[in-house]
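An overview of the molecular structure
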Amino acid sequence: MSIRLWKDGNSVTFGYYDVHYRQMNPTEEISRLINLEYSDKPEWIARLFGITLGSVLLAQLTHKSPVLLWCVGFGLAHLVYYLFLRSNLKSATMRELRIAQTLFLVVLISFVWAPAWMVAQESRAVSLSGAGLFGCVLVYLIRRNDVSLYVIVSEIVVIWGTMTSVLIKVLPEFNGLVSRIGLVICWMALVSYFAQSMLQSRALKLAEQQARDNAAQAQKLAAVGQMAGGIAHDFNNHLTVISGSLELYDDLEDPKGRADCLDAVRTAADQAALIVNELLLFARRTPMRLVNLDANAPLIDIDLLARRLLSREVEMTIGFLQHPTCVQADRRQIVTALLNLIVNANDAMPKGGSMIVRAGLVTISAPLTVAGGQSLPQGRYVSYDVRDTGEGIPAEHLAQVIEPFFTTKPEGKGTGLGLAMVLSIAQSLGGGVLIRSSQRGTTVSVLLPQVECKQVVGSDDADT
């Protein structure tokens, strides 16, 4: 077996593994330490209670009151360690992480000297109790799954130094060379196996982390490939319409035919622009400008933009709110979300049908579970509904339609980002998406919290 360990952030070789891993995140590591030490409350309360009770009993058994200082020192060290971890829970630097790790080593030292002292006592009960506590320490250190080389090497040094002091203390009590050699061999075996276990645990932890990173990277590459394929097909379709219509435009003399060609070009260009906007929103590259917005304002834009995206066989009706109502949102992003829902509804009715796009008021009296497992709290919401009379979404696909890149459309008819992007916009505005579907059609609602109408950006605002 070969072991090569470098400093944090570089590489580790254990057996046949050669693992390269990312730099440790200080905030994530401190959060891990807090969960490790204090997430299981019954365990650490029992631990502190056991140490307190044990120190009292040990003081009575050995008639040495200074043993109580062990409990006090360990408690103070643990308190300082806990307070430092909690103070750096949300944001921490590498320097602060090193301080936290060093404080843990202080806690370790403040505890481990007592079991070492107990092992060297003449009383068999005290000696065996100390050996048991020492074993608990070794198991606990392995259980921590530390990956920092600084921490692991320091822990090995602390255990080695403690056991060496015990060996020096008890070795003269053994008569005969053979017994002393046997004791030294046992000491070396225990220290060696402990060190090997710590390094092996670290190497396996890093190998697991690397495997997760590789799997995530493979999923990203697969998603990028799937997305690129869908986008390429969609853009190729739109470019074909644009180029074909322009060529036909040159050959036609009839004004109506030419107008139809230009309409086809505009529609294809709008749909291509919608794909680009989907990608920018999905990648969160489009900045969000939140204002107190007249809830009817996006529907006015929809009335102007959406009709070119509809099939001639589809009839669209737009319903406005009758009373002044506001949401805090980005007007352009709501329009983009609704346009995506309208395109989906249009594609769901290849033989024609009717579509209703409306805004309404909804009062949620109890937490409502919406798409993605999200729970909306009680309150008043503005609901932007897009309802079609298509065949509906199969029940087995309802939970998947919001996933990025999932689509039931034929190849070249969609990227699978539409509903995922709509959900992302709704969640970023404090709302959610509700999907209801049957064989008579589908209704997708974007729910956004209603706000007071102060300094309202209304339908006459130029920022469209």
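As shown above, the structure is provided for reference.
Here we summarise the structure given alongside this text. As the structure is a computational prediction, the values presented were derived from the model and not from experiment.

What counts and what doesn't
What you see as residue numbers is a count from 1 along each chain, following the sequence as written. Thresholds applied to this predicted model are a pLDDT of at least 70 for local features of residues and 80 or more for the giving and counting of side-chain atom pairs; totals over whole chains, interfaces and linings are not thresholded and use all residues. The basis for every side-chain value is the complete set of heavy atoms in the structure, and neither hydrogens nor water enter the calculation. In DSSP terms, a helix is any run of H or I states spanning at least four residues, a strand is any run of E spanning at least two, and both are numbered starting from the N terminus. Three labels apply to residues, based on accessible area from a 1.4 Å probe with only protein chains included: buried if under 20% of the type maximum, exposed if over 50%, partly exposed otherwise in between. The contact criterion used throughout is that any non-hydrogen atoms of two residues lie within 4.5 Å. Computed with the Shrake-Rupley method and a 1.4 Å probe, the accessible areas treat only the protein chains shown as cover for residues. The rule for pairing is simple: two strands pair if DSSP sees at least two bridges between them. For cavity detection a 1 Å grid was placed over the protein atoms alone, and a set of points counts as a cavity when a 1.4 Å probe fits there but cannot get out; an open set counts as a pocket when protein lies on both sides within 12 Å along at least five of seven lines, with lining residues being those that have an atom within 4 Å of a point. Grid points are joined across faces, edges and corners, and a volume is the space filled by probe spheres set on the points. Helix axes are fitted only over the stretch in contact, all axes being lines through C-alpha atoms; the angle between N-to-C directions runs from 0 to 180 degrees. We call two directions roughly parallel when the angle between them is under 35 degrees, roughly antiparallel when it is over 145, roughly perpendicular when it lies between 65 and 115, and oblique otherwise. Each crossing is labelled by how the near helix is turned from the far one, with a counterclockwise turn of less than a right angle marking it left-handed and a clockwise turn marking it right-handed. Only Asp, Glu, Lys and Arg are considered charged, only Ala, Val, Leu, Ile, Met, Phe, Trp, Tyr, Cys and Pro nonpolar, and every remaining residue, Gly among them, polar. The span one expects for a helix is its residue count, reduced by one, times 1.5 Å. In plain words, nonpolar cores are sets of buried Ala, Val, Leu, Ile, Met, Phe, Trp, Tyr and Cys residues tied together by side-chain atoms within 4.5 Å.

**Points about the overall build of the protein chain**
What the protein chain contains, in helices and strands, is 11 helices and 12 strands. Sorting the 464 residues of the protein chain into buried and exposed places 41% on the buried side. Sequence separation of 24 or more characterises 71% of the internal contacts of the protein chain that already satisfy a separation of 6 or more. For the protein chain, the exposed surface amounts to about 25300 Å²; the carbon and sulfur share of it is 60%.

**Comments concerning the pairing of strand β5 (residues 314-319)**
What you see with β5 is a clean split: Val314, Met316 and Ile318 sit on the buried side and Glu315, Thr317 and Gly319 on the side with no burial. Pairing analysis gives 6 bridges linking β5 to strand β7 (residues 353-364), with the strands arranged parallel. Bridging across to β7, Thr317 finds its partner in Ile356.

**As for the layout of surface pockets**
Its volume calculated, the second largest pocket comes out at about 550 Å³. Listed by contribution, the elements that provide at least two residues to the lining of the second largest pocket are α2 (41-62), α3 (68-87), α4 (94-119) and α5 (124-143). A per-element tally of the lining of the second largest pocket places α2 first, with 9 residues.

**A word on the packing of helix α9 (residues 297-305) against helix α10 (residues 331-347)**
Viewed as axis vectors pointing N to C, α9 and α10 meet at an angle of 50 degrees, and their least axial separation amounts to 9 Å. Relative to α10, α9 is oriented oblique. For α9 against α10, the interelement crossing comes out right-handed. On the side of α9, the interface is formed by Ala297, Pro298, Leu299, Asp301, Ile302 and Leu305, while α10 contributes Arg331, Ile334, Val335, Leu338, Leu339 and Ile342. Looking at side-chain class alone, the contact of α9 with α10 contains 10 nonpolar, no polar and 2 charged residues.

**Considerations on α3**
Counted at 1.5 Å a residue, the expected span for α3 with its 20 residues is 28 Å, and the 29 Å between its end C-alpha atoms agrees. Residues Trp70, Cys71, Phe74, Ala77, His78, Tyr81, Phe84 and Leu85 constitute the buried set of α3. Residues of α3 that are buried sit in contact with α1 (26-38), α2 and α4.

**Topic: the nonpolar core**
Counting 45 residues, the largest nonpolar core has Ile334, Ile342, Met355 and Tyr384 as its most contacted members. In terms of residue count, the dominant contributor to this core is α10 (9 residues). Once you skip the residues sitting within four places of it in the chain, Tyr384 turns out to touch Ala295, Pro298, Leu299, Val327, Ile334, Leu338, Arg358, Ala359, Val444, Ser445, Val446 and Leu448. Judged by nonpolar contacts, the second largest core, of 39 residues, contains Tyr81, Phe104, Leu138 and Met163.

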